[in-house]
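Understanding the architecture of this molecule
What follows is each chain in one-letter form.
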Amino acid sequence: METTRSGRRTGAARTWWMLLGFGAAVTVAAAIGGLGVSGTSDEYAALRQPAWAPPSWLFGPVWTLLYAMIAVAGWLAWRRVGFGPALWAWSVQLVLNAIWTPLFFGAGRYGLAFAEIVLMWLAIAVTVVAFWRISRPAAALLLPYWAWVTFAAALNFSIWQLNS
């Protein structure tokens, strides 16, 4: 009986450690995205933007919430099936997420950043479909992220057009 209880505790502890791992993975992606890129608020403010562009202060709180949701979504999917194709899709979209900021702000390559965000959008779509099959709550947690990236892609495209 004791072994069973201990086994359950070990499994539960592993589950919670994995949640921290997913949070760490998302934090690393966010940090990589920001490496070598400073003054993004000033750069963003200096760009010609469409009238519907949000203020720069909004991006931090939105991305913080979205990154938390991305981490929990990955964790929920992992709890259902472990590491497999769905988590590979999750990883790909996260890598693409990390690449966008240096392309857009660090390199000022708005057209290339737009092409990259389209790939990210597609990778999120693949992840949502894969998660839907194994965990609807995990898929649902990615929908606001997908919507925000849709908006960000439109903003990226507009800024590219207005500043080229």
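Above this text sits the structure in question.
This one's a predicted model, so the numbers in the text were calculated from it and none came from an experiment.

For T127, the position within the fold is in helix α5 (residues 110-134). Reaching out from T127, the side chain makes a polar contact with the backbone oxygen of A89 at a distance of 3.1 Å. In this structure, T127 is in contact with A86, A89, W90, Q93 and L142, ignoring residues within four places of it in sequence.

In this section: the packing of helix α4 (residues 85-106) against α5. Where α4 meets α5, the closest approach of the two axes is 8 Å, and the angle between their N-to-C directions is 160°. Between α4 and α5, the angle falls in the class roughly antiparallel. When you trace α4 past α5, the crossing you get is left-handed. The residue inventory of the contact of α4 with α5, partitioned by class, reads 22 nonpolar, three polar and one charged.

Right, let's get into a nonpolar patch on the surface. Together, V118, L119, W121 and L122 make up a nonpolar patch on the protein surface, roughly 330 Å² of accessible area in all. If you trace the backbone, L119 turns up in helix α5.

Now for the nonpolar core. Formed by 47 residues in total, the largest nonpolar core has its most connected members in I70, W90, F104, M120, F131 and Y145. Among the secondary structure elements, those contributing two or more residues to this core are α1 (2-34), α3 (59-81), α4, α5 and α6 (136-162). Ranked by residues supplied to this core, first place goes to α3 with 11 residues. The residues touching M120, leaving out its near neighbours within four places in the chain, are Q93, L96, N97, W100, Y145 and V149.

Cut-offs used in this document
Residues numbered from 1 in each chain as written. Predicted model: local features only at pLDDT ≥ 70, side-chain atom pairs only at ≥ 80, totals over all residues. Heavy atoms only, no water. Helix = DSSP H or I, 4+ residues; strand = E, 2+ residues; numbered from the N terminus. Polar contact = N/O pair within 3.5 Å; in protein donor to acceptor, adjacent residues only side chain to side chain. Contact = heavy atoms within 4.5 Å. Axes fitted to C-alpha atoms, helices over the stretch in contact; angles between N-to-C directions. Parallel < 35°, antiparallel > 145°, perpendicular 65-115°, else oblique. Left-handed = near helix turned anticlockwise from the far one by under 90°. Nonpolar A, V, L, I, M, F, W, Y, C, P; charged D, E, K, R; others polar. Patch = residues over 30% accessible without salt bridge, like charges linked within 9 Å, V, L, I, M, F, W, Y side chains within 5 Å. Areas by Shrake-Rupley, 256 points an atom, 1.4 Å probe, with all protein chains shown as cover. Salt bridge = Lys/Arg side-chain N within 4 Å of Asp/Glu carboxyl O. Core = buried A, V, L, I, M, F, W, Y, C linked by side-chain atoms within 4.5 Å. Buried < 20%, exposed > 50% of the residue type's maximum accessible area, 1.4 Å probe, protein only.

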